[in-house]
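Structural overview for review
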Amino acid sequence: QVQLVESGGGLVQSGGSLRLSCAASGRTFSTYAMGWFRQAPGKEREFVAAITSGGSTVYADSVKSRFTISRDNAKNTVYLQMNSLKSEDTAVYYCAAGSSGNPYYLTNRARYDYWGQGTQVTVSS
């Protein structure tokens, strides 16, 4: 069982930056792939970024070159650095943990077994 707690969300102006954190419980964090998803009002939850246990990363086209996912296994934490934020980035952001593997498959929500409660990110234009 893995418990995930997100933090770092908030209100930011367009063009600004935020860093989200996701702290995980358990001693097997390093073996999990970690992902970030987001859900805007009235829309489906969508993939943002993921990182394998080995450190390989994959990003949604909409955030590529603006967002960076990283992990610190010593702290059981995964991060999402978000730069050049746009109003369309406004959403609740969720952290997820699942079995590691080919980064391509980590874009699918079904690959993840554990989810956090989410943190709100609001970008004002």
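In short, a report on the structure. Numbering of residues begins from 1 in every chain and follows the order in which that chain's sequence is written. Since the coordinates come from a predicted model, pLDDT governs what is reported: local features require at least 70, and pairs of side-chain atoms require 80 or more to be given and counted, while whole-chain, interface and lining totals use all residues. To obtain the side-chain values, all non-hydrogen atoms of the structure were included, while hydrogens and water were left out.

In this section: the state of the cysteines. The disulfide criterion is simple: two cysteine sulfur atoms within 2.5 Å. Within the structure shown, the criterion is met by one disulfide. The side chain of C22 participates in a disulfide bridge whose partner is C95; the two sulfur atoms lie 2.1 Å from each other. For the disulfide bridge between C22 and C95, the dihedral angle about the S-S bond is near -75°, and by the sign convention the bridge is left-handed. In this pair, C22 is assigned in strand 3 (residues 18-24) and C95 in strand 9 (residues 91-99), connecting sequence segments 73 residues apart. The two residues C22 and C95 agree in class, both being buried. Every helix listed is a DSSP run of H or I at least four residues long, and every strand listed is a run of E at least two residues long, numbered separately from the N terminus. Any residue under 20% of the maximum accessible area for its type is buried, any over 50% is exposed, and the rest in between are partly exposed; the area is computed with a 1.4 Å probe on protein chains only.

To continue, consider the environment of V2. Summarising the element assignment, V2 is placed in the segment before strand 1 (4-7). Its relative accessible area of 8% is what places V2 among the buried residues. A C-alpha to C-alpha distance of 29 Å links V2 and D61, two positions 59 residues apart in sequence. Excluding anything up to four places from it in sequence, V2 contacts A24, S25, Y32 and Y114. The contact criterion used is simple: two residues touch if any of their non-hydrogen atoms lie within 4.5 Å.

When DSSP locates at least two bridges between a pair of strands, those strands are taken to pair. An order of 1-3-8-7 is seen for the four strands of this open sheet, with the pairing classed as antiparallel. Strand pairing shows two members of the sheet lacking a second neighbour, strand 1 and strand 7 (67-72), which therefore form its edges. Strand after strand, the sheet turns through a mean of 15° between neighbouring axes, direction not considered. Direction of pairing for strand 3 relative to strand 8 (residues 77-82): antiparallel, over a ladder of six bridges. For A23, the partnering residue across the bridge sits in strand 8 and is T77. All axes are obtained by fitting lines to C-alpha atoms, using only the stretch in contact for helices, and the reported angles, taken between N-to-C directions, cover 0 to 180 degrees.

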